[in-house]
Amino acid sequence: MAEEIKSPERMEDVTDIKEITLPLIFEYIKRQGEEDEDWLIDILEGKIPTDKTDKDGNPIMRKRTFIEQRNAFTRKYFPDLAPKGTTKKSSVTEDILAELKARKRRRS
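What this report covers is the structure whose coordinates are included nearby. Since the structure is predicted, the reported quantities are computational estimates derived from the model, not experimental observations.

### Some points on the overall build of the protein chain
Point 1. Scanning the protein chain from terminus to terminus reveals four helices and two strands.
Point 2. Ordered by position in the sequence, the α and β elements of the protein chain form the string α-α-β-β-α-α.
Point 3. Across the 108 residues of the protein chain, 23% fall into the buried class.
Point 4. Residue pairs in contact within the protein chain that sit at least 24 positions apart in sequence constitute 39% of those at least 6 positions apart.
Point 5. When the accessible surface of the protein chain is split by element, carbon and sulfur atoms take 52% of a total near 9,100 Å².

### Points about the packing of aromatic side chains
The geometry of an aromatic ring pair is captured by the separation of the ring centres together with the interplanar angle, meaning the angle of the planes.
Point 1. All told, the structure shown has six aromatic pairs when counted by the stated rule.
Point 2. Consider the rings of Trp-39 and Tyr-77, whose centres lie 5.5 Å apart with planes at 75°: the pair is edge-to-face. You can see Trp-39 sitting in helix α2 (residues 34-45) and its partner Tyr-77 sitting in helix α3 (residues 66-77), a full 38 residues away along the chain. Each member of the pair Trp-39 and Tyr-77 is classed as buried.
Point 3. Ring pairing ties together the aromatic residues Tyr-28, Trp-39, Phe-73, Tyr-77 and Phe-78, which thus form one cluster.

Rules used throughout
Residues numbered from 1 in each chain as written. Predicted model: local features only at pLDDT ≥ 70, side-chain atom pairs only at ≥ 80, totals over all residues. Heavy atoms only, no water. Helix = DSSP H or I, 4+ residues; strand = E, 2+ residues; numbered from the N terminus. Buried < 20%, exposed > 50% of the residue type's maximum accessible area, 1.4 Å probe, protein only. Contact = heavy atoms within 4.5 Å. Areas by Shrake-Rupley, 256 points an atom, 1.4 Å probe, with all protein chains shown as cover. Phe/Tyr/Trp six-rings, centres within 6.5 Å; stacked < 30°, edge-to-face > 60°.

Following this line, the structure appears as structure tokens:
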């Protein structure tokens, strides 16, 4: 059976980004100022564009995932715990598709 990880009670006790939960974020923000609460409202309510567009050409918007919310919070308030910028790797599917298309062009 998997070992249960006990989450810290306060943000100040967090040592790894994976320990951060939404209730911890909320408790931390409540102890800050009003503009911090407004910032969290914007993060939780705000939508971000996807790569898709609707029939009128407008970008389709989506809510942020918890991971995106947590990363934004961590970058702002606990940058030492924030994920470091990495280059995005292409997926195996994209790599195979590109190779197949290149092979098809060579056949033509």
